[in-house]
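Letter by letter, the chains look like this.
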There are 2 protein chains.
Amino acid sequence: MSQPVTDHQNIGVTAAKGFRAAGVTAGIKASGTPDLALVVNDGPQFAAAGVFTSNRVKAAPVLWSEQVLKTGSLAAVVLNSGGANACTGPEGFQDTHATAEKVAAELNTGAIEVAVCSTGLIGVRLPMDLLLPGVEQAVKALSEDGGQAAAIAIKTTDTVHKTAQVTAPAGWTVGGMAKGAGMLAPGLATMLVVVTTDAAVESADLDAALRGATRTTFDRVDSDGCMSTNDTVLLLASGASGVVPEAAEFAEAVRTVCADLARQLIGDAEGASKDIRIDVTGAATEDEAVDVARTIARNNLLKCAIHGEDPNWGRVLAAIGTTSAAFEPDALDVAINGVWVCRGGSVGEDRDLVDMAGREVVITANLNAGSAAATVWTNDLTADYVHENSAYST
Amino acid sequence: MSQPVTDHQNIGVTAAKGFRAAGVTAGIKASGTPDLALVVNDGPQFAAAGVFTSNRVKAAPVLWSEQVLKTGSLAAVVLNSGGANACTGPEGFQDTHATAEKVAAELNTGAIEVAVCSTGLIGVRLPMDLLLPGVEQAVKALSEDGGQAAAIAIKTTDTVHKTAQVTAPAGWTVGGMAKGAGMLAPGLATMLVVVTTDAAVESADLDAALRGATRTTFDRVDSDGCMSTNDTVLLLASGASGVVPEAAEFAEAVRTVCADLARQLIGDAEGASKDIRIDVTGAATEDEAVDVARTIARNNLLKCAIHGEDPNWGRVLAAIGTTSAAFEPDALDVAINGVWVCRGGSVGEDRDLVDMAGREVVITANLNAGSAAATVWTNDLTADYVHENSAYST
C-alpha cells in the first residue's frame, strides 16, 4: 500500500464509509464542555472486536462491553467523559446497562449491539438524569462528518483531541479517535479508543488485526506507570466500501492508525514537556526488550533528569539493573540522542555533547545479549504533572 | 527487654562499646561539607554481616564489600558521600581497593578487613587525590563519640543525619546510622546503613538477625520505586560488653534500630511533604500483602493525590487491580486516616470526613482474602521532588 497519510485534523471515526458520529454536551462535566459521544455503524456489516484493560478492578462499562462483544458484532458505541463509572457497585453497572438500552431504543437495535465507554473520576455515579437526555441529543446530532465532534467530547484532561486515518489504494479506509492523558500505562489497551473501517472484514480477522496492532502500539506507551480501570480499544467494520482487503495490508493499516493515536497520547500526556522514545536493542528476546524498556520508562528519577535536560545515563543503568533480562553489567551501552554516553557499563562519550533542547528525546540501550529489540514511549516527570494530579478530584 | 529508647540526636554507631568513628571533609563534595566517614571496631571480637542491593548493576564498593564480608569479619568501614563509584569500570574497582588498602595501612590491619561504601552521582570517578589524604585525616579524628560526625559525613541530599540506638537491660547496645534521600526502594537494603553492637554475637547469628530485620524494615520502605546501585547495610559486633545476648532479644533490638532508621529515611525523602504508611490486611499471604502495599506505594497518581490532601481512594483500587494477589474487586475495603471511604469495592463513608492535614497519612486496604498483613512506607510525589531530581547532576 502507499504511504499512509495521517492528518490530526481529520474526522477520525467517520472517515470510513458507513459510520456516523456525534459529540454533544449532556452536562456531565461541570465545565460545560462536550461530554457525550456516539459512534454508529450503518452497515451493511456490523463486525467488531475489542481489547480491554487487564486491570482486575474493571469499570462497569468495561464489564458490559466485554460481554456484548462476545457476539463479534456492534451497531454503536456510546462514550462519556466526566465520570469513569468505576468502583460504583451494582448500581453503576445498572447505569451502564440503562445507557446501552437508551441508545438501542433510539437506534431501533438491541442493547447487546451497543458498547459503552466511560472516562473520568473513579468512584462517582454518573448523573443519569443528564446522560440519558444527552443520548437523545447525540442521536439527533449524528452526522457523516461527526468524527471530530465525537473526538472532542471524549476529552478529559486532554488538551487536544486525537484522530487518525489511513486510506488504502483499494478504496477502503481505517480511521480512529483516542483520548488519554493520565493513568496511562495500558495492559492491553489505553484509555478510550474507537477505530472504524469500511473494509469488509469478519470479526475474527478484526480481532487478530486489533490485537496485533495494540501489542506494539498502545501496549508500548507508558506515561506514568498507572493502569486505568477503563481502558478500551474498539474496532468496528461496516463493509461499506465493498472491498475485502488483503489481511496483512489491513493489519498494517490498523497498526498505523493505532501507532499514530498512541504517539498523540504521549505527546499530550499530563504535564509532559518531553516525549521520550526508549529503544532497547541487543536483547535476548522481544519480551525482555519490552521489560527493560518499560522499566526505564517507569524510573521517576530518570524522568526528572530528562525534564531537566540532564543526560543522566547512570539512572538508565540503575533501572536496567533491576530487571531479570539477560545482560552483563559491563557490556551495557547507552546513547542519549545519539551520543553513546555509556560504553561497556562505564563512562563513554562526553555527556556535554548531548543536545536535549528538543521535545523528543531518544534513549537507546544496547544490552549486547542478542538480536531482539523493542520501543516504548514515555514522557518526563514534571511539576505540572504533580500539580494536575494533586488537584484532579477536588 | 524494656522498651527501647531511641534518640535521634544520639551517637549512633559509637553508642556500643568497642567502636570509634569519625566524619571529616576530604573535599570530594564541591559544597565543602563533610564527605568521608570511618567506623572502626576495636574488638575484642570482629564479627560482621551485611546485606546489599539486589540491583544487578552494582557499584564497585558493593562488589568489594560483598567479597570481603565472606570472612564474616570486619575491622573497619570507610564511607564517602559525593560520588557513588558506580558504572566506573575496572578503574573504579581499583579506586575502591586502593581506599581499603589505605585504611588498612593506617589501622595496621588487612584490606580484607575493610568494607567500603560510596554514595552520590553514578558514572563519575572518585577524586582519589583528595580521598586518600581524607582517610589519614579521618583516622586521626577517630573518637568514641564520633558517631554523629560520621552520620553527618555520609549525607547527600539528606537534610538531617540519622542515628538510632537501643540498650538492653543486660548491658549491651545496638546503635546505627543511615543516609538515603532518593533512589530509595531497596531490594535487600537501603542506601548506606552501618549498625554496631557490643554484644558478643557470632557472624552467622549477626547475619540472621540482620536479614530478619531488613526484611520488615528497609525492605518495606519505597520512596520512589528506584533501586540504587549502592545500597548497603552492615552490622558489626565488637563483643566489648562481654555479654552474649538471648538470640530473640538481640534480633528484636537490631530490628528496632533498623525500623527507627528506616522511618527516618522516609521522613527525610527528597521533596516529600507527607509520610504515607500503607497497611494491607486480609491478604492470603504475607508476600501478597507486601506486593499489594508496594504497588500502592509506587502509584504516582495516588502519591500526587496525597500531596494535594485528596482522599482519592479510586487510585488505590486502580493500583490494587494491577496485582495478582488473591482478592475480589467487590470485596475491597479502603480507609484513609481511619475513614472507610471504600466499602465492598464501591463508595463507602463520606470522603469529606477524611482529615489529611497532618504529615503522616495512613492508608489501610483490607483485601478480605485471608489473615496476612504487611506495612510499606512511602511518601508523596511533589514538585520539589521533580525540581531536586531534575538538577541533581548539573
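Everything below is about the structure printed above this text.
Every value quoted in this text rests on a predicted model; they were computed, and no experiment measured them.

A.B. asks: Got a minute to help me understand the side chain of B:Q264 in this structure?
C.D. replies: Residue and element names in this part refer to chain B. Relative to the helices and strands, Q264 resides in helix α6 (residues 247-267). The exposure class of Q264 is buried, given its relative accessible area of 10%. Side-chain polar atoms of Q264 contact the side chain of D260, separated by 2.9 Å.

A.B. asks: Before we go on, may I ask you to explain the environment of B:T216 in this structure?
C.D. replies: Mapped onto the elements, B:T216 comes out in helix α5 (residues 203-216). Classification of B:T216 as partly exposed rests on a relative accessible area of 27%.

A.B. asks: Is there a simple way to explain the packing of helix α1 (residues 60-68) of chain A against helix α2 (residues 89-107) of chain A in this structure?
C.D. replies: Residues and elements named next belong to chain A. Close contact between α1 and α2 brings their axes to 8 Å; oriented N to C, the two are set at 50°. Judged by the angle between their axes, α1 and α2 are oblique. The element α1 and its partner α2 pack so that their crossing is right-handed. The segment α1 lies against α2, with A60, P61, L63 and W64 engaging G92, F93, T96, H97 and A100.

A.B. asks: What should I look at first to understand the relation of the copies chain B and chain A in this one?
C.D. replies: Both copies of the chain are tied together by a single rotation about an axis and a shift running along it. The transformation that overlays chain B on chain A combines an axial shift of 0.0 Å with a rotation of 180°, and the residual RMSD is 0.0 Å. The relationship between the two copies is best expressed as a two-fold rotation axis. Looking at the rotation axis and the C-alpha trace of chain B, the residue lying nearest is B:A383, at 2.1 Å. Taken as a fraction of all interface residues of chain B, those also at the interface in chain A reach 100%, which identifies the copy contact as same-surface.

A.B. asks: How should the interface of chain B and chain A be read in this particular structure?
C.D. replies: How big an interface is tends to be reported as the loss of accessible area on association of its parts. The interface of chain B with chain A comprises 53 residues on the first partner and 53 residues on the second. Buried area between chain B and chain A, both sides added, is near 4,000 Å², and the carbon and sulfur share of it is 61%. Here chain B is connected to chain A by zero salt bridges. Seen at the junction of chain B and chain A, the total is 15 residue pairs in polar contact (both at pLDDT 80 or more).

The rules we used
- Residues numbered from 1 in each chain as written.
- Chains lettered and ligands numbered in written order.
- Predicted model: local features only at pLDDT ≥ 70, side-chain atom pairs only at ≥ 80, totals over all residues.
- Heavy atoms only, no water.
- Helix = DSSP H or I, 4+ residues; strand = E, 2+ residues; numbered from the N terminus.
- Buried < 20%, exposed > 50% of the residue type's maximum accessible area, 1.4 Å probe, protein only.
- Polar contact = N/O pair within 3.5 Å; in protein donor to acceptor, adjacent residues only side chain to side chain.
- Axes fitted to C-alpha atoms, helices over the stretch in contact; angles between N-to-C directions.
- Parallel < 35°, antiparallel > 145°, perpendicular 65-115°, else oblique.
- Left-handed = near helix turned anticlockwise from the far one by under 90°.
- Contact = heavy atoms within 4.5 Å.
- Least-squares fit on C-alpha atoms with pLDDT ≥ 70 in both.
- Buried area = accessible area lost by both parts, 1.4 Å probe.
- Salt bridge = Lys/Arg side-chain N within 4 Å of Asp/Glu carboxyl O.

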